[in-house]
Amino acid sequence: KTVKNTIDKVTGDYQKAEAQANKIDTADKAYREDVKTYNGYVGELQNRINTRDGLKSEVDALRAQLKANSGAEDSVYGPIVAAYNAKVQEFNDYAKEVDTYYNDVYKPAADPLKESIDNQFAAIEADSVIYQDLKNELVSSSDQLDDVMIEVDNATQKAYVRAMTG
């Protein structure tokens, strides 16, 4: 009866540990999907910022040309001014577009997603602690089964020897 009870305990402990591991796996999958979505928003925002920064560099380069040609005649200076003004307008329009994306798309989607990701991570960590406890309990139960099985093994060997020498 002791062996059966110990086997039942090992089985029950295994089932608890397995259920907890499955819970963590499911939570981890959802967490990774949300992280992927969040990173998509971050990547899109970063691409837009990089494009804006590239336009700013072009504006700065044209500004340097303006300064370098400030004393030049109108036929040289005029096209530089026109190009500079056009690039400034392009930069301003795009910067507004980036700000609109940030305020209307990124913030409303990414902020709650980030909070959810943080909460999911904390829950996975807490579930992992529970899993470790269950795993340790399973190892302990398995050790108890080993101890109980020694008695069964000894009795089996004695019976075998008696039967062979009997």
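Here is a short report on the structure shown in this document. Keep in mind it's a predicted model, so treat the numbers as computed, not measured.

Turning to the packing of helix α1 (residues 2-68) against helix α2 (residues 74-165), a few remarks are in order. Running from amino to carboxyl end, α1 crosses α2 at an angle of 165°, the nearest separation of the two axes being 4 Å. In terms of axis orientation, α1 runs roughly antiparallel to α2. For the crossing formed where α1 meets α2, the hand is left-handed. Looking at the contact of α1 with α2 residue by residue, the class counts come to 48 nonpolar, 12 polar and 18 charged.

Here the focus is a nonpolar patch on the surface. Together, Tyr160, Val161 and Met164 make up an exposed nonpolar region whose accessible area comes to about 350 Å². Assignment of secondary structure puts valine 161 in helix α2.

What follows is about the side chain of threonine 6. Along the chain, the position of threonine 6 falls in helix α1. By relative accessible area, threonine 6 is classed as buried at 10%. In this view, threonine 6 contacts Ser141, Gln144, Leu145 and Val148; residues no more than four positions away in its chain are not counted.

With that settled, the discussion passes to the packing of aromatic side chains. Scanning the entire structure with this criterion turns up 2 aromatic pairs. A ring pair is formed by tyrosine 31 and phenylalanine 121, whose centres lie 6.0 Å apart and whose planes are at 40°; its orientation type is tilted. Taken together, the residues span a long stretch of sequence, with tyrosine 31 in helix α1 and phenylalanine 121 in helix α2 at a distance of 90 residues. We classify tyrosine 31 as buried; its relative accessible area is 17%. Taking relative accessible area as the criterion, phenylalanine 121 reaches 40% and is therefore assigned partly exposed. When the centroid spacing of 5.5 Å and the interplanar angle of 20° are considered together, the rings of tyrosine 102 and tyrosine 106 count as stacked. On the criterion of helical spacing, the pair formed by tyrosine 102 and tyrosine 106 is a turn pair, its members being 4 residues apart in helix α2. Overall, tyrosine 102 belongs to the partly exposed group, its relative accessible area being 33%.

Relative to the helices and strands, lysine 87 is located in helix α2. On the accessibility criterion, lysine 87 (15% relative accessible area) is buried. Ignoring any residue separated from it by four or fewer positions in sequence, one finds lysine 87 in contact with Leu55, Glu58, Val59 and Leu62.

Checked against the element boundaries, glutamate 137 lands in helix α2. With 113 residues separating them in the primary sequence, glutamate 137 and isoleucine 24 have C-alpha atoms 18 Å apart. Glutamate 137 has contacts with Lys9 and Asp13, leaving out every residue within four places of it along the chain.

Cut-off values and rules
Residues numbered from 1 in each chain as written. Predicted model: local features only at pLDDT ≥ 70, side-chain atom pairs only at ≥ 80, totals over all residues. Heavy atoms only, no water. Axes fitted to C-alpha atoms, helices over the stretch in contact; angles between N-to-C directions. Helix = DSSP H or I, 4+ residues; strand = E, 2+ residues; numbered from the N terminus. Parallel < 35°, antiparallel > 145°, perpendicular 65-115°, else oblique. Left-handed = near helix turned anticlockwise from the far one by under 90°. Nonpolar A, V, L, I, M, F, W, Y, C, P; charged D, E, K, R; others polar. Patch = residues over 30% accessible without salt bridge, like charges linked within 9 Å, V, L, I, M, F, W, Y side chains within 5 Å. Areas by Shrake-Rupley, 256 points an atom, 1.4 Å probe, with all protein chains shown as cover. Salt bridge = Lys/Arg side-chain N within 4 Å of Asp/Glu carboxyl O. Buried < 20%, exposed > 50% of the residue type's maximum accessible area, 1.4 Å probe, protein only. Contact = heavy atoms within 4.5 Å. Phe/Tyr/Trp six-rings, centres within 6.5 Å; stacked < 30°, edge-to-face > 60°.

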